[in-house]
Amino acid sequence: MDDRTSRLREAFAARIAQAQSSDALESLRVEYLGKKGHIADLMSSLREVRKEDKKEFGQRVNQLKSQIEAQLVEARDRLEILEEQRMIDQAEDYDVTMPMSLETGSYHPITLIQREMEEIFRTMGFTIEDFSEIVDDYNCFEALNIPPYHPARDMQDTYYLSTGQLLKTHTSAAQNSIMRKYGAPLRAIFPGRCFRNEATDACHENTFFQMEGIMIDKDISISNLIYFMKKMLSEVFGQDVTVRLRPGFFPFVEPGFELDIQCLICGGDGCPSCKNSGWLELCPCGMIHPNVLRYGGIDPEEYTGFAFGLGLTRLAMMKYGIKDIRTLNSGSLSALSQFTGK
Ligand code: FA5
């Protein structure tokens, strides 16, 4: 009788000394204290023990069981302390003076160019306005002197929504609201995403960015417009770029101009980025039509103004040497992460 409990005690002592993990301790617990474990085995052999020895046998088994339980608790506590110590030792291995290696993301070229343009115009006294991407027909067309029957509506393939609203085809759609909000005099730029149902190629996307600008005051003339366009281009490129100004028709300006930039990808020789023309339409502009001022609540007898609609996505192409406009919407990190804004 003594032999069995003593052998079990010794075997357990040897096993627990080797158990180095909580998993090992748990297996030991099951092996010794579990329903089919050694202690349960001993207990079931009670019926084979002589009647006069039963009491002592029972006491011995219970004692062994308590010892095993206590040893298991002790071993668990010991393991926990060791684990804490290991973590502290590891923490002490850190060298807080070592330079960190952080993988940083990068800004999208459109974000970079937009921020740069905002800064340029902010320093020239322009406020920066935000406007919804979903607009109504009035703001996108009618308030811009483009009545429902006007052929100019064919210039833009519009995405209409089932609500009758539409996705903004140009940032000019914000002109009326901003005039009404601030009145004259007024200097504001409003960058934004535009949508047109167009076939895409190296210089056309169906989703692209523009940045509108308006300046309204007494005696604003074409020379003011040309000054601001020149200033903007010299600031953003930091070098002389060749541009050309030609007449352009937009119902919301009179007179209207097309401001083209000589393609910086091919130097004007012609390439897919400029549709082989050597030039890229960049920033149409003109003197705000009196009707548009009137719709905006501004008296055209007292105030005049200019407006421009800069192709921000095309500007990013020229500034960063991006040959195909579709790269900008591609989501390709390897292509986009190389732009740091320098
Ligand atoms: C307009 O959108 C006028 N609202 C601009 C304007 C504003 C004129 C104020 C006069 C006064 P246009 O459709 O040409 O015009 O577009 C303006 C510029 O946006 C273009 O010169 C070009 O740089 C850019 N752009 C137009 N369509 C696309 C396109 N599909 N993909 C990329 N850029 C485009």
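Everything discussed here concerns the structure shown above.
Residue indices begin from 1 for each chain and proceed along its sequence in written order. Confidence filtering applies because this is a predicted model: local features only for residues at pLDDT of at least 70, side-chain atom pairs given and counted only at 80 or more, and all residues used for totals across whole chains, interfaces and linings. Values shown for side chains rest on all heavy atoms present in the structure; no hydrogens or waters enter the calculation.

## Side note on the side chain of Glu 129
Inference 1: Within the secondary structure, Glu 129 is located in the loop between strand E1 (127-128) and strand E2 (134-135).
Inference 2: Definition of a polar contact: a pair of N or O atoms within 3.5 Å, with one able to donate and the other able to accept a hydrogen when the atoms are protein atoms, and with sequence-neighbouring residues admitted only if both atoms are side-chain atoms. Side chain to side chain, Glu 129 and Thr 127 meet in a polar contact 3.2 Å long.
Inference 3: In this structure, Glu 129 is in contact with Ile 178, Lys 181, Tyr 182, Ala 188, Ile 189, Phe 190 and Pro 191, ignoring residues within four places of it in sequence. Secondary structure elements follow DSSP: runs of H or I of four or more residues count as helices, runs of E of two or more count as strands, with numbering from the N terminus. By definition, residues are in contact when any of their heavy atoms lie within 4.5 Å.

## A closer look at the site of the ligand
Inference 1: Each residue is tested against the molecule or strand, and it is near if at least one of its non-hydrogen atoms lies within 4 Å. Residues in close proximity to the ligand total 23 residues, the closest being His 170, Ser 172, Arg 196, Glu 205 and Glu 281.
Inference 2: Gln 210 has a polar side-chain atom sitting 3.0 Å from an oxygen atom of the ligand.
Inference 3: Surface exposure here means Shrake-Rupley accessible area, sampled with a 1.4 Å probe, where a residue is shielded only by the protein chains that are shown. Protein contacts shield 95% of the accessible area of the ligand, which totals 670 Å² for the unbound molecule.
Inference 4: Broken down by element, the residue count for the shell around the ligand peaks at four residues, all from strand E10 (residues 304-311).
Inference 5: Throughout, the ten residues Ala, Val, Leu, Ile, Met, Phe, Trp, Tyr, Cys and Pro are labelled nonpolar, Asp, Glu, Lys and Arg are labelled charged, and all others, Gly among them, are labelled polar. Class assignment of the residues belonging to the shell around the ligand gives a composition of eleven nonpolar, six polar and six charged.

## Focus on the side chain of Lys 168
Inference 1: When you line up the elements, Lys 168 lands in the loop between strand E3 (166-167) and helix H7 (175-182).
Inference 2: Buried and unpaired, Lys 168 has no salt bridge, with Glu 133 as the nearest side chain of opposite charge at 6.1 Å.
Inference 3: One polar contact links the side chain of Lys 168 to the main-chain carbonyl oxygen of Ser 132, over a distance of 3.3 Å.
Inference 4: The residues touching Lys 168, leaving out its near neighbours within four places in the chain, are Phe 131, Ser 132, Glu 133, Val 135, Ala 173, Gly 192, Arg 193, Cys 194 and Phe 195. The buried label goes to any residue with under 20% of its type's maximum accessible area, the exposed label to any with over 50%, and the partly exposed label to all in between, with areas taken from a 1.4 Å probe on protein chains only. Charge assignment: positive for Lys and Arg, negative for Asp and Glu; neither His nor the chain ends contribute. Should a side-chain nitrogen of Lys or Arg be within 4 Å of a carboxyl oxygen of Asp or Glu, the pair is scored as a salt bridge.

## With respect to the pairing of E10
Inference 1: E10 sits mainly inside the fold: seven of its eight residues count as buried.
Inference 2: Note on pairing: DSSP must find at least two bridges between two strands before they are called paired. With eight bridges joining them, strand E5 (residues 207-217) and E10 adopt antiparallel strand pairing. Within E10, the position partnered with Glu 212 by the bridge is Gly 309.

## Focus on the nonpolar core
Inference 1: Of all hydrophobic cores here, the largest spans 48 residues; its most connected members are Met 117, Phe 121, Phe 308, Leu 310 and Leu 315.
Inference 2: Mapped onto this core, the elements with two or more residues apiece are helix H5 (109-123), E5, helix H8 (222-237), strand E7 (253-262), strand E9 (285-288), E10 and helix H10 (312-320).
Inference 3: Here the element with the most residues in this core is H8; it accounts for seven residues.
Inference 4: Excluding residues that lie within four positions of it along the chain, Met 117 makes contacts with Ile 189, Met 211, Met 232, Val 236, Leu 310, Leu 312 and Leu 315. Among buried residues, those of type Ala, Val, Leu, Ile, Met, Phe, Trp, Tyr and Cys that are joined through side-chain atoms within 4.5 Å constitute a nonpolar core.

## Thoughts on the pattern of salt bridges
Inference 1: Taken as a whole and judged by the stated rule, the model has 18 salt bridges.
Inference 2: Between Glu 235 and Lys 231 there is a salt bridge, with the nearest N and O atoms lying 3.3 Å from each other. Highlighted residues: Glu 235 and Lys 231, both in helix H8, separated by four residues, approximately one helical turn.
Inference 3: Relative accessible area serves as the criterion here: at 28%, Lys 231 is assigned to the partly exposed category.
Inference 4: A salt bridge links Arg 246 to Glu 281, with the nearest nitrogen and oxygen atoms 3.2 Å apart. Of the two residues, Arg 246 is situated in strand E6 (residues 243-247) and Glu 281 in strand E8 (residues 279-281); the sequence distance between them amounts to 35 residues.
Inference 5: In this structure Glu 281 comes out as partly exposed when scored by relative accessible area, which is 42%.

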